[in-house]
Amino acid sequence: MAGLAVGAVGTSVAYYSWSDTETKQSIGKNMPKYADKPTMLKAAKEIQDVLGEDAVSMDADDLESHSYSEASTSNVSARPIAIIMPTTTEQVSLIAKICTKYKIPMIPFGAGSSVEGHFSTPYSGFSIDLSRMDKIIAIHEEDMDAVVQPGVNWVNLNDTLKSTGLFLPLDPSPTAHIGGMVATNCSGTNAMRYGTMKDWVINLTVVLADGTVLKTRRRPRKTSAGYNLNGLFTGSEGTLGIITEVTLKLAIVPSHFGVATTAFPSVAAATRAATSMIRGGVALAALELMDDVQMRVINQTGGTGGKMWSEKPTLFIKFSGSERAVEDSISAAREIAHAHGGSRFVASLDEKTMTALWSARKQALWAILSVRPEGTQIWSTDVAVPLSNLGDIVEQSKTDASKLGLFSTVLGHVGDGNFHQAVMYNPDIPEQVDGVKKCVDTMVDRALEMDGTVSGEHGIGLGKKHCLEKELGPVTIDVMKTLKRSLDPHWLLNPGKILDA
Ligand SMILES: Cc1cc2nc3c(=O)[nH]c(=O)nc-3n(C[C@H](O)[C@H](O)[C@H](O)COP(=O)(O)OP(=O)(O)OC[C@H]3O[C@@H](n4cnc5c(N)ncnc54)[C@H](O)[C@@H]3O)c2cc1C
């Protein structure tokens, strides 16, 4: 990745960031000229006069938390001038009109859990924080849908839906908001059975850069009327419009669940077993892999679910459906696991035991963060490949990382051919920084050689922008730029992300 330098903000946090000069040189070649600081301050005042005093914050901690994330691969040193907190679509439209008038970058902000520098602010501007738009507007039980504002948190939504027997089956970071989830086309462990966010969007209300408000569709669960604008805005990472309302499909909560875990002698054996389960038609709700290093880290932090784990590559499997169907699926999975050298197959339909069995998977990221030595950072990134290539790419990526002498772990949504590699490095040691970048770029190149993608679920943001053209080719990138220009001619929405001007 070109143009990175070590930076620091605050007194104690050292992190890796684009410096201002390098930002301008490396990602700003053709970018339009944005407003200067006094103009941005004038516009913030104009917005404050209409929306009210507390709709705008310039508090240093707020500016920091809205543009920097410890979980991100790609932080920049620039900060927004202000955080704007609207409560209605009309207010978002008004903000967009003012920003267009003064040429101020607008960076939509959900919960800030994305990890590829998505909400960083390389050109400063306003962070538009949608978290005050947190109303569940309607739940249509009969129609199995819900209309929500973008600031609704998915865990809260599912809590509210409990009495209806319905739920939204996506599970990214527990902090994530619906608007951010749509904008990143997120997924999570349930994606294997339920697909990704794009499959759960019925319609969107979107504010364009110039303040125009549009609605993509009405409320039927299917339609073939016109272009699929849901598909355009879902996954657009805040670069094409600001999502201010979402109608979501809901799924029926299955009557029974089961969880199983089983350890394997190698990652290759585990992925072969995973593929056999899928190809064998076993009804699986989730299929996750944690490698030997990740399992060791879990034990280093005291274990989970009241036990220490076997430090071998381990599959975490979820089942759902009728009691009989879950039991049958567990038997089939057990048989396949054994055939591939799986040991310690433990399964349960009991809620408490299921929670304990799944606990190691749930704690994975926090466990890595808690064992990292002082001064080191985690570079956590993902790729996805066709299922049959998964074993190979995981093994090769682990070997590459170990050759560089860096600590790395693998965690895979293996049911989708998607895996995450987390590499620990010290941002103050240039060889380690070069090493981690090389490691990630090699993983991305391997994924592309296997007809895969540079990101299965985390998205592009700043961190993966340099590899998008490798995946899609110049013609597709040009079409994307044409679309971007037609919706956002002044390149004001989340500039510097996904595409350069
Ligand atoms: C512990 C942890 C676990 C995670 N697990 C997963 C996982 O399993 N699967 C997965 O897919 N991701 C995962 N993620 C990543 C992250 O949770 C998802 O990308 C999530 O969808 C981001 O939602 P957010 O509300 O935090 O959005 P933010 O991070 O605030 O924003 C993400 C992007 O969306 C844009 N945006 C936000 N709101 C809007 C809006 N209303 N309109 C237009 N654009 C908007 C922003 O500009 C930014 O580009 C994980 C992250 C963490 C920290």
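Note that residues are indexed from 1 along each chain, following the sequence as it is written. Confidence filtering applies because this is a predicted model: local features only for residues at pLDDT of at least 70, side-chain atom pairs given and counted only at 80 or more, and all residues used for totals across whole chains, interfaces and linings. Side-chain descriptors were evaluated using all non-hydrogen atoms of the structure, hydrogens and water having been removed beforehand.

### Description of the overall build of the protein chain
The helix and strand labels rest on DSSP assignments: H or I over at least four residues marks a helix, E over at least two residues marks a strand, and numbering proceeds from the N terminus. Scanning the protein chain from N- to C-terminus turns up 16 helices and 21 strands. It is over C-alpha atoms that the radius of gyration is taken, and the globule rule equals 2.2 Å times the number of residues to the power 0.38. For the protein chain, the C-alpha radius of gyration of 23 Å lies close to 23 Å, the compact-globule estimate for 501 residues. Across its three principal axes, the protein chain shows a C-alpha extent of roughly 65 × 60 × 45 Å. Burial classes follow relative accessibility: with a 1.4 Å probe on protein chains only, a residue under 20% of its type's maximum area counts as buried, one over 50% as exposed, and anything between as partly exposed. In the protein chain, which comprises 501 residues, the proportion classed as buried is 58%. Within the protein chain, residue pairs in contact and separated by at least 24 positions form 71% of the contacts whose partners lie at least 6 positions apart. Note on areas: these come from Shrake-Rupley sampling with a 1.4 Å probe, and a residue is covered only by the protein chains present in the view. Surface accessibility of the protein chain: about 20,400 Å² in total, with carbon and sulfur atoms responsible for 52%. Note on contacts: a residue pair is in contact if any heavy atoms of the two residues lie within 4.5 Å.

### Thoughts on the UniProt feature "domain: FAD-binding PCMH-type" (unreviewed entry) in the protein chain
UniProt positions are given in the numbering used here, feature names are shortened, and annotations may be inferred rather than shown by experiment. The sites that UniProt annotates as "domain: FAD-binding PCMH-type" (unreviewed entry) are residues 76-253. With 21% helix and 24% strand, the stretch residues 76-253 has end C-alpha atoms that lie 41 Å from each other.

### What about the side chain of threonine 189?
Looking at where threonine 189 falls in the secondary structure, it is placed in the loop between helix H6 (178-183) and helix H7 (191-194). Counted as a polar contact is a pair of N or O atoms within 3.5 Å, where, for protein atoms, one must be capable of donating a hydrogen and the other of accepting one, and residues adjacent in sequence contribute only when both atoms are in side chains. Polar contacts involving the side chain of threonine 189 include one to the side chain of aspartate 171, which spans 2.4 Å. Threonine 189 has contacts with Asp171, Ala285, Ala286, Glu288, Trp358, Arg361 and His413, leaving out every residue within four places of it along the chain.

### Let's talk about the sheet that holds strand E6 (residues 106-109)
In spatial order, the strands read E3-E5-E7-E6; together these four strands make up an open sheet with mixed pairing. A single partner strand is all that each edge strand has here, and the edge strands are strand E3 (56-57) and E6. Here a strand pair is declared whenever DSSP counts at least two bridges between the two strands. Both E6 and strand E7 (residues 126-129) contribute to a ladder of four bridges, which runs parallel. Among the inter-strand pairings, proline 108 is bridged to a residue of E7, identified as isoleucine 128. Here helix H2 (residues 37-51) sits on the sheet in contact with E3, strand E5 (82-84) and E7, set at roughly 25 degrees to E7. Against the sheet, helix H4 (residues 89-102) contacts E5, E6 and E7, and its axis sits at roughly 155 degrees relative to E6. Throughout, an axis means a line fitted to C-alpha atoms (over the contacting stretch in the case of helices), and angles, computed between N-to-C directions, take values from 0 to 180 degrees.

### Quick word on the sheet that holds strand E13 (residues 242-249)
The strands that make up a sheet pair up through hydrogen bonds in the backbone, lying either parallel or antiparallel. The five strands lie next to each other as E8-E9-E13-E11-E12, forming an open sheet whose pairing is antiparallel. Across the chains shown, the open sheet's two edge strands, defined by having one partner strand only, are strand E8 (136-140) and strand E12 (213-215). Strand after strand, the sheet turns through a mean of 10 degrees between neighbouring axes, direction not considered. Bridge count between strand E11 (residues 201-207) and E12: three bridges; the pairing is antiparallel. Within E12, the position partnered with threonine 205 by the bridge is lysine 215. Against the sheet, H4 engages E11, E12 and E13, with an angle of about 45 degrees to E11.

### Examining the site of the ligand
The environment of the ligand is made up of 34 residues, and the closest members are Pro108, Gly110, Gly112, Ser113 and Ser114. Alanine 111 has a polar backbone atom sitting 3.0 Å from an oxygen atom of the ligand. Note that an oxygen atom of the ligand is positioned 2.9 Å from one of the backbone N or O atoms of histidine 177. Expressed as a share of its isolated accessible area of 980 Å², the protein-covered part of the ligand is 94%. Mapped onto the shell around the ligand, the elements with two or more residues apiece are E6, H6, E13 and helix H12 (351-371). It is H6 that provides the largest number of residues to the shell around the ligand, a total of four residues. Along the lines of polarity and charge, the residues of the shell around the ligand split into 15 nonpolar, 16 polar and three charged. Whether a residue is near a molecule or strand is decided by its heavy atoms; if any one of them lies within 4 Å of it, the residue is near. Each residue is assigned to one of three groups, with Ala, Val, Leu, Ile, Met, Phe, Trp, Tyr, Cys and Pro labelled nonpolar, Asp, Glu, Lys and Arg labelled charged, and all others, Gly among them, labelled polar.

### Let's talk about the state of the cysteines
Two cysteine sulfurs form what is called a disulfide whenever their separation falls within 2.5 Å. Summed over the entire model, instances satisfying the criterion amount to zero disulfides. A disulfide-free cysteine, cysteine 467 has its sulfur positioned 13 Å from the sulfur of cysteine 439, the nearest such atom. Overall, cysteine 467 belongs to the buried group, its relative accessible area being 1%.

### Brief notes about the pairing of strand E9 (residues 145-148)
Of the two faces of E9, the one holding Asp145 and Val147 and the one holding Ala146 and Val148 are both buried throughout. Pairing of E8 with E9 involves four bridges; the strand directions are antiparallel. Bridge pairing in E9 links histidine 140 to aspartate 145. Linkage of E8 to E9, two consecutive antiparallel strands, is achieved through a turn of four residues, within which methionine 144 is found at a positive phi near 55 degrees. As paired elements, E9 and E13 share four bridges and run antiparallel to each other. Paired with valine 148 across the strands is valine 246, a residue of E13.

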